[in-house]
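The chain contents come next:
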Amino acid sequence: MGSSNVAMLSLSLALYMVFVPSLATIYTVGDTSGWTTGVDYSAWTKDKTFKVGDSLVFNYPTSHTVDEVSSSDYSTCTVGNSITTDNTGATTVSLKTAGTHYFICGVLGHCGNGMKLAVKVESGSPSSSTDKPSTTTPSTTTKAPVDSSSSWSVSPFMAAVLTWLALSVMVIS
């Protein structure tokens, strides 16, 4: 009986240590509108707090691009100098560094028609609440067809640890 309680406490503590730090928010840029002209992306970011570890998912037709650019290229809608670029129609950007990240559509005229997004990323645990300013740094762009507004995940290593712990608890009981 006592070893069962210790095992359950150990499993609970392990689950808490794994899941709480790994919670990250996945934001679908523009929500159901996606990445397109005619969307006010400043209004879209207004009530969100982006943290290191969160991700942005851009869904768009392949007639657009997602270009991460410098602050000055963002301000002037200058194309051709992007830090990263993608045009696959489903771009996921992991926010790996704190600071403001700038995105535009690299198709001439689209940035001027509103396809531009500035995201202020805070250091610390991933979550969502209020915005705070920070400095400019680049992020990494990868492709993934994710469709949710928010989600969380566990690394494969942590999944293996959890499985091992669960099996250990079952054997002890």
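Structure: above.
Residues numbered from 1 in each chain as written. Predicted model: local features only at pLDDT ≥ 70, side-chain atom pairs only at ≥ 80, totals over all residues. Heavy atoms only, no water.

**Structural notes on the overall build of the protein**
Here is step 1: The number of helices and strands found in the protein is four helices and nine strands.
Here is step 2: For the protein, the succession of helices and strands along the chain, N to C, is α-β-α-β-β-β-α-β-β-β-β-β-α.
Here is step 3: Taken across its 173 residues, the protein has 36% of its residues classed as buried.
Here is step 4: Considering only contacts in the protein between residues 6 or more positions apart, those separated by 24 or more positions represent 79%.
Here is step 5: Here the protein has roughly 9200 Å² of accessible surface; of this, 61% comes from carbon and sulfur atoms. (Helix = DSSP H or I, 4+ residues; strand = E, 2+ residues; numbered from the N terminus. Buried < 20%, exposed > 50% of the residue type's maximum accessible area, 1.4 Å probe, protein only. Contact = heavy atoms within 4.5 Å. Areas by Shrake-Rupley, 256 points an atom, 1.4 Å probe, with all protein chains shown as cover.)

**Some thoughts on the side chain of Thr65**
Here is step 1: Along the chain, the position of Thr65 falls in the loop between β3 (55-59) and β4 (66-69).
Here is step 2: Classification of Thr65 by relative accessible area gives buried; the value is 15%.
Here is step 3: When near neighbours in sequence (up to four residues on either side) are disregarded, Thr65 contacts Trp35, Tyr60, Thr85, Asp86, Asn87, Ile104, Cys105, Gly106 and Val107.

**Concerning the environment of Ile26**
Here is step 1: Looking at the element boundaries, Ile26 is found in strand β1 (residues 26-28).
Here is step 2: For Ile26 and Val57, which are 31 residues apart along the polypeptide, the C-alpha to C-alpha distance reads 7.0 Å.

**Topic: the sheet that holds β4**
Backbone-to-backbone hydrogen bonds pair the strands of a sheet. The strands run either parallel or antiparallel.
Here is step 1: Strand order in this open sheet of five strands is β2-β8-β7-β4-β5, and the pairing throughout is mixed. The outermost strands of the open sheet, each flanked by one partner alone, are β2 (50-51) and β5 (84-86). (Pairing = 2+ DSSP bridges.)

**Quick notes on the state of the cysteines**
Disulfide: a covalent bond formed between the sulfur atoms of two cysteine residues.
Here is step 1: Tallied over the entire structure, the rule returns one disulfide.
Here is step 2: Here Cys77 engages in a disulfide with Cys111; their sulfurs sit 2.1 Å apart. Torsion about the S-S bond of the Cys77 and Cys111 cystine: about -65°, corresponding to left-handed handedness. Here Cys77 is found in the loop between α3 (71-76) and β5, whereas its partner Cys111 is found in the loop between β7 (99-104) and β8 (116-122), with 34 residues between them in sequence.
Here is step 3: Note on Cys105: no disulfide assigned, nearest cysteine sulfur contributed by Cys111 at a separation of 8.4 Å. (Disulfide = S-S within 2.5 Å.)

**Focus on the packing of aromatic side chains**
Here is step 1: Overall, the coordinates contain seven aromatic pairs when judged by the stated rule.
Here is step 2: Summarising the aromatic geometry, the rings of Tyr27 and Trp44 are spaced 6.4 Å apart at their centres and angled 85° between planes, so their arrangement reads as edge-to-face. Note that Tyr27 is positioned in strand β1 and Trp44 in helix α2 (residues 41-45), a separation of 17 residues in sequence.
Here is step 3: Taking relative accessible area as the criterion, Trp44 reaches 7% and is therefore assigned buried.
Here is step 4: Both rings, one in Trp44 and one in Phe50, keep their centres 6.1 Å apart while their planes meet at 40°; by these two values the pair is tilted. For the pair Trp44 and Phe50, one class covers both residues: buried.
Here is step 5: Among the aromatic side chains, those forming a connected cluster through ring pairs are Trp35, Tyr41, Phe58 and Phe103.
Here is step 6: Of note, Lys116 hangs over the ring of Tyr74, and the distance from its end group to the ring centre comes to 4.4 Å. (Phe/Tyr/Trp six-rings, centres within 6.5 Å; stacked < 30°, edge-to-face > 60°. Lys NZ or Arg CZ within 6 Å of the ring centre and 35° of its normal.)

**Re the pattern of salt bridges**
Here is step 1: On inspection of all chains with the given rule, the structure shows two salt bridges.
Here is step 2: A salt bridge links Asp47 to Lys48; the shortest N-O distance between them is 3.3 Å.
Here is step 3: When its relative accessible area of 58% is taken as the criterion, Asp47 is described as exposed.
Here is step 4: With a shortest N-O distance of 3.0 Å, Glu122 and Lys51 are connected by a salt bridge. Remark: Lys51 occurs in strand β2 and Glu122 occurs in strand β8; sequence separation between them is 71 residues. (Salt bridge = Lys/Arg side-chain N within 4 Å of Asp/Glu carboxyl O.)

All we've got here are geometric facts, nothing functional implied.
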